[in-house]
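Here's the letter readout for the chains.
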Amino acid sequence: QVQLVESGGGLVQPGGSLTLSCLASGSLFSFAAMGWYRQAPGKQRELVAGIRSGGSTNYADSVKGRFTISRENAKNTMYLHMSSLKPEDTAVYYCKVSYYRNLDTTGFWGQGTQVTVSS
C-alpha cells in the first residue's frame, strides 16, 4: 500500500518560516497529482497547494506568494515551504497523493503534522 510520512511541523513565530516534508513509499512518478491540505479546529479541510506530474502548481488564495510546493523525485519526497507565517496558518497539515489529476477525489493521505504559529 501507499504510505506517506510527514515531518517538519512545529512551533514558529508569526513572520517566520517552516518547511514540511512528505516521504512516499513509492516513486512520485506513479501519481498524477500530489499536494498539501490543512485543517484547523472547527474548519473544513482545505487544499493549500497542489502539484501535478507535469510540474504545474496551484495554491489557495490565502497562501499565494507565501507558500511554495516542490518535489524531489529521486528522494520520493515532496515539500511545502512556508514563509511569512500568520497565526491563521495554524492547523494540522496533511500531504496527499493521487493517481488522478483531481486531488480532491480519491487518494492517499499522510498522518498529518501540527503547525502552530504563535508569539
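Residues numbered from 1 in each chain as written. Predicted model: local features only at pLDDT ≥ 70, side-chain atom pairs only at ≥ 80, totals over all residues. Heavy atoms only, no water.

1. Regarding the state of the cysteines
What counts is decided by this rule: The definition used for a disulfide is geometric: two cysteine sulfur atoms within 2.5 Å. The helix and strand labels rest on DSSP assignments: H or I over at least four residues marks a helix, E over at least two residues marks a strand, and numbering proceeds from the N terminus. Per-residue accessibility, obtained with a 1.4 Å probe over protein chains only, is compared with the maximum for each type, and a residue is labelled buried under 20%, exposed over 50%, and partly exposed between these values.
Scanning all chains against the criterion turns up 1 disulfide. In this model, Cys 22 is linked to Cys 95 through a disulfide, with the two sulfur atoms separated by 2.2 Å. Its S-S torsion of approximately 60 degrees makes the covalent link between Cys 22 and Cys 95 right-handed. Separated by 73 residues along the polypeptide, Cys 22 in strand β3 (residues 18-24) and Cys 95 in strand β9 (residues 91-98) bring together distant segments of the chain. Cys 22 gets classed as buried once you look at its relative accessible area, which sits at 1%. Given the relative accessible area of 0%, Cys 95 is considered buried.

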